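# Working through the structure, step by step
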Amino acid sequence: MLRHRRRGETYPAQGLTRNVVSPSPSLSPDRESEPQGEPKGRRVWENGESECRSVTDRIGIELLTTNSVITSSHAKAGRLPYGLESRESLGAMPKQEFIEQGAAARTAGASLCSRRDWRQVNWRRVHRSVRRLQIRIVKAEQGQKKRKVRALQRILSRSFGGRAVAVKRVTTNRGKQTPGVDNVVWDTPGKKAQAIEDLRKQTGRPQPLRRVTIPKSNGSVRALGIPTMHGRAMQALHLLGLEPIAETRADPNSYGFRRARSTADAIEQCFLMLARKTSAQWVLEGDIRACFDGVSHDWLMANIPMDKAMLAKWLKAGYVEAGNWYPTEAGTPQGGIISPVLANLTLDGLERELNARFAATGTLARRSQVHLIRYADDFIITSRTKELPEEEVKPLVEKFLAVRGLELSATKTRVTQIDEGFDFPGVNIRKFDGKLLTQPAKKNVKAVLGKVRAEIKAHPQARAGDLIVKLNPIIRGWANYHRYGASWRTFRRVDWQINQALWRWARRRHHKKTVGWVEKKYFPRPDGKQVFSGTILNRAGEVRPTWLSQAHQTAIRRHLKIRGAANPYDPEWELYFEERGQRQMVERRGGNQRWLKLRLAQKGQCVVCGQELEYEGDWHLHHLQRRVDGGSNALSNPVLLHANCHRQVHQQGWRLARAASRERGVIKGLSRVR
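Residues numbered from 1 in each chain as written. Predicted model: local features only at pLDDT ≥ 70, side-chain atom pairs only at ≥ 80, totals over all residues. Heavy atoms only, no water.

On to the overall build of the protein chain, then. Tallying secondary structure elements over the protein chain gives 23 helices and 19 strands in all. Per-residue burial over the protein chain gives 46% buried out of 674 residues. Taking the intrachain contacts of the protein chain between residues at least 6 apart in sequence as the baseline, contacts between residues at least 24 apart amount to 64%. (Helix = DSSP H or I, 4+ residues; strand = E, 2+ residues; numbered from the N terminus. Buried < 20%, exposed > 50% of the residue type's maximum accessible area, 1.4 Å probe, protein only. Contact = heavy atoms within 4.5 Å.)

Here it is in structure tokens:
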């Protein structure tokens, strides 16, 4: 007969079996179904709580008969819970002592459940499980099933896959070595594995943020709040369930801080709305004053679809500056992983209100020509006349923002005629004699030249090849950003300015040499063109020449804008994003040709975890047959991996091999040999 065990009674040595949802007096062990997956070490019911929590007084323990079949994972594998030396000690241990040992193990960083090794995580399976839950959240949100959305978010935030992906995100991004107020970073596999276990507990008050300031382009400073590693991981965990909802609710022409969207899409939308002769001639340039710092906490608590208790703790955590703690009464911290999504959810809905007011019918839409294009907290609104944005559009926007505790910046918000032009984001958009051109903004050109000159000034005694290694990423990155506009003339002018700065650098370094000697050494003409050059050492220790990248050699091409309704979490758009990704891979051949060919051969995916190799991410080159073992450097030997996946391959001693494929150069599968 099934019953609860009283306080002080001992646990039977052979009486542990798998978990069930709830006790049932009529349920017998003989009629139980087989356990699904790996069974747990005891039969408990915890009111929907996690399986791996330590035993407490309110957990009921089922007493089995001697004829019951043992299904415990500890009994099958011969393993015992943490702290037990023999099975006899398990049978003779009182319940209170068992509880105390569980608490001691948790305090020491251990768990009653076996902790998984970070280096043995199956990332392909982990990402697949997270992706499946995110797709279900999108479907529930589209069907207006709020209770199901909350249930799926809760499942995702408490799953092993969600916790592992959250820890992986904060330990592989650019801020992985930046600590919070506790001065802790997760830089070892053991710390990362422990972090996954620590994310089980989602109670307690988060630690305050560490306040730092960075300079802005206008001379002022911007305050950033840096959470602790645990706080960042917890935000990344809840973001996995919030971001699919944000993408489903987002305005079609919002492009900032969104997956698969960029500034190039926002600039192209501006071109489409303003390029024709019959297009709108006036633009309302809008800028929200202190968007991140001024948003109302009450509005966020009432409208953000996530765990309210966790959101309230983050908003009221405060920050530490110069050793003093300060409370936060409004806003979300710039520097938090979840803050950009919260800002987007705050501003989403403005385009729908504008369409309801000025584009309710086709005739009204053609008459007003009101269109919103937003990137983060900067936006423009087009109009056919000057009076419409001043008298009707701007009051509507101010009313929309006032509900959220925000307001427009009086100095940056103005109405501009398209022939005068405006800057958005980093690009000047202007009509010349009826023809619309998008060119690099003057401030943007000044900024990149200042950055290049500062780099040259900081290395007065560096070798030419080493200086080129420092400058090439700056030049290529800036040129690739502006490659979608009418930028060729600006590229030529920037190249000339950089060459002049390098000429002065070379003359200062060799002030006793003649002009001809300096020109022959640093500015040879191999193809009749004067290009700054030097030498560097490759990995084999061989000297090879290198040249400075020229911005004007970047190919100019028109960007294909993403569709407004495209949702990367909706399976109906899966084929669209695959085709778009393949097209982008073909277009972006301006970098390392070898790596791009490998990425095309792998269809843009890492061969270990199966996730996308993003252009902004950190790629590593792994040779299937090691170079020291005679492996070649031909395209058939190396593969591209994420940095974390590459470390996992070497730490686990895996040997990767291509699966046989009829399609030349395409990796169809992966085998791992110990």
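Bringing unusual backbone geometry into the picture now. The backbone of alanine 322 shows a phi angle near 55°, a positive value even though the residue is not glycine. Along the chain, the position of alanine 322 falls in the loop between β6 (319-321) and β7 (324-326). You will see that aspartate 433, though not glycine, has its phi angle at about 55°, which is positive.

A separate point is the pairing of strand β4 (residues 221-226). Looking down a regular strand, the side chains alternate between one sheet face and the other. Bridge analysis of strand β3 (residues 209-215) against β4 gives 6 bridges, and the strand direction is antiparallel. If you follow valine 212 over to β4, its bridge partner there is leucine 224. The turn linking β3 back onto β4 is made up of 5 residues, and glycine 219 within it adopts a positive phi angle of 100°. (Pairing = 2+ DSSP bridges.)

We now examine a positive patch on the surface. A grouping of Arg116, Arg124, Arg125, Arg128 and Arg132 is seen on the molecular surface, where their side chains present a positively charged patch. One can find arginine 124 in helix α4 (residues 123-142). Accessibility expressed as a relative area gives 33% for arginine 124, which makes it partly exposed. (Patch = residues over 30% accessible without salt bridge, like charges linked within 9 Å, V, L, I, M, F, W, Y side chains within 5 Å. Areas by Shrake-Rupley, 256 points an atom, 1.4 Å probe, with all protein chains shown as cover. Salt bridge = Lys/Arg side-chain N within 4 Å of Asp/Glu carboxyl O. Lys, Arg positive; Asp, Glu negative; His and termini not counted. Charge placed at Lys NZ, Arg CZ, Asp CG, Glu CD.)

Inspection of the secondary structure puts serine 368 in helix α15 (residues 362-368). For serine 368, a relative accessible area of 7% gives the class buried. Within the local environment of serine 368, its side chain forms a polar contact with the backbone oxygen of leucine 364, the two atoms lying 3.0 Å apart. Non-local contacts of serine 368, meaning those with residues more than four positions away in its chain, are made with Phe358, Ser383, Arg384 and Leu388. (Polar contact = N/O pair within 3.5 Å; in protein donor to acceptor, adjacent residues only side chain to side chain.)

So, on to the environment of asparagine 444. Tracing the backbone through its elements, the reader meets asparagine 444 in helix α17 (residues 442-458). When the C-alpha positions of asparagine 444 and aspartate 423 are compared, they lie 9.8 Å apart, and in sequence the two are 21 residues distant. Those residues in contact with asparagine 444, other than ones at most four positions away along the chain, are Gly426, Trp478 and His482.

Looking now at the packing of α4 against helix α6 (residues 160-170). Across the interface, α4 lies against α6 with an axial gap of 8 Å and an inter-helix angle of 110°. The angle between α4 and α6 falls in the class roughly perpendicular. Here α4 and α6 pass one another in a crossing that is left-handed. Judged by residue contacts, Trp123, Val126, His127, Ser129 and Val130 of α4 engage Phe160, Gly161, Gly162, Ala164, Val165 and Lys168 from α6. Of the residues belonging to the contact of α4 with α6, the class tally is 6 nonpolar, 4 polar and 1 charged. (Axes fitted to C-alpha atoms, helices over the stretch in contact; angles between N-to-C directions. Parallel < 35°, antiparallel > 145°, perpendicular 65-115°, else oblique. Left-handed = near helix turned anticlockwise from the far one by under 90°. Nonpolar A, V, L, I, M, F, W, Y, C, P; charged D, E, K, R; others polar.)

For the rest of this paragraph, the subject is the pattern of salt bridges. With the rule as written, the count across this model stands at 18 salt bridges. The salt bridge involving glutamate 407 is made with arginine 289; its shortest N-O contact spans 2.1 Å. With glutamate 407 in the loop between α16 (387-403) and β10 (414-417) and arginine 289 in the loop between β5 (282-287) and α10 (291-294), the pair connects residues that are 118 residues apart, well separated along the chain. With relative accessibility at 39%, the residue glutamate 407 sits in the partly exposed group. Using a relative accessible area of 47% as the deciding quantity, one classes arginine 289 as partly exposed. What you see here is one network of salt bridges that share partners, running through Lys139, Asp570 and Glu572.

All right, on to the nonpolar core then. Counting residues in hydrophobic clusters, the biggest one holds 81 residues, and the most contacted among them are Ile304, Ile381, Val393, Val608 and Leu641. Ignoring any residue separated from it by four or fewer positions in sequence, one finds isoleucine 304 in contact with Leu242, Trp299, Leu311, Leu342 and Leu345. If you look at the next biggest cluster of nonpolar residues, it comprises 26 residues, including Val445, Val448, Leu471 and Val518. (Core = buried A, V, L, I, M, F, W, Y, C linked by side-chain atoms within 4.5 Å.)

This part covers the packing of aromatic side chains. Enumeration according to the criterion identifies 11 aromatic pairs in this entry. Geometrically, the ring pair formed by tyrosine 319 and tyrosine 326 is stacked, given 5.3 Å between the ring centres and 25° between the ring planes. A centroid spacing of 5.9 Å and a plane angle of 80° characterise the contact between tryptophan 505 and phenylalanine 532, whose relative ring orientation is edge-to-face. Of this pair, tryptophan 505 sits in helix α19 (residues 488-509) while phenylalanine 532 is found in the loop between α20 (515-522) and β14 (533-537), placing the two residues 27 residues apart along the sequence. A connected cluster of aromatic rings, assembled from ring pairs, spans Trp503, Trp505, Tyr522, Phe523 and Phe532. Seen from the ring of tyrosine 522, lysine 521 lies directly overhead, with NZ or CZ sitting 5.5 Å from the centre. Positioned over the ring face of phenylalanine 271 is arginine 558, at 4.2 Å from the centre of the ring. (Phe/Tyr/Trp six-rings, centres within 6.5 Å; stacked < 30°, edge-to-face > 60°. Lys NZ or Arg CZ within 6 Å of the ring centre and 35° of its normal.)

Sheet architecture is open: 4 strands sit in the order β4-β3-β6-β7, paired in mixed fashion. Unpaired on one side and paired on the other, β4 and β7 mark the two borders of the sheet. For this sheet, the mean inter-axis angle between neighbouring strands, taken without regard to orientation, is 40°.

This brings us to the sheet that holds strand β11 (residues 422-423). The strand order across the open sheet built from 3 strands is β11-β12-β13, with neighbouring strands paired in antiparallel fashion. Across the chains shown, the open sheet's two edge strands, defined by having one partner strand only, are β11 and β13 (435-440). Relative to β13, strand β12 (residues 427-432) is paired through 6 bridges, and the arrangement is antiparallel. Within the sheet, the bridge partner assigned to phenylalanine 432 lies in β13 and is lysine 435.

Next up on the list: the side chain of lysine 192. Positionally, lysine 192 belongs in helix α7 (residues 189-198). Look past the residues within four positions of lysine 192 in its chain and what remains in contact with it is Trp118, Val167, Thr171, Trp186 and Arg647.

In the predicted model, the protein chain carries a mean pLDDT of 81, and the fraction of residues at 70 or more is 78%. Here residues 1-93 scores under 50 on pLDDT; set against residues more than four positions off or in separate chains, the count is 148 contacts. (pLDDT = per-residue confidence, 0-100.)

You can see phenylalanine 400 is positioned in helix α16. The class of phenylalanine 400 is buried, set by a relative accessible area of 4%. Taking C-alpha positions, phenylalanine 400 is 8.9 Å from glycine 349, a pair spaced 51 residues apart along the chain. The residues contacting phenylalanine 400, other than those within four sequence positions of it, are Thr346, Leu347, Asp348, Gly349, Leu350 and Glu353.

Listing the buried residues of helix α14 (residues 350-358) in full gives Leu350, Glu351, Leu354 and Phe358. Projected down its long axis, α14 shows its buried positions confined to an angular sector of 95°, all on one face. Residues of α14 that are buried in the fold lie against α13 (339-347), α15, β8 (371-375), β9 (378-383) and α16. (Arc of directions from axis to C-beta.)

A few words now on the packing of α19 against α20. At their nearest, the axes of α19 and α20 sit 10 Å apart, and the two run at 120° to each other. Considered as vectors, α19 and α20 are oriented oblique to each other. Helix-helix and strand crossings are classified by hand; for α19 and α20 the assignment is right-handed. Along the contact surface, α19 presents Trp503, Trp505, Ala506, Arg507 and Arg509, while α20 presents Val515, Val518, Glu519 and Tyr522.

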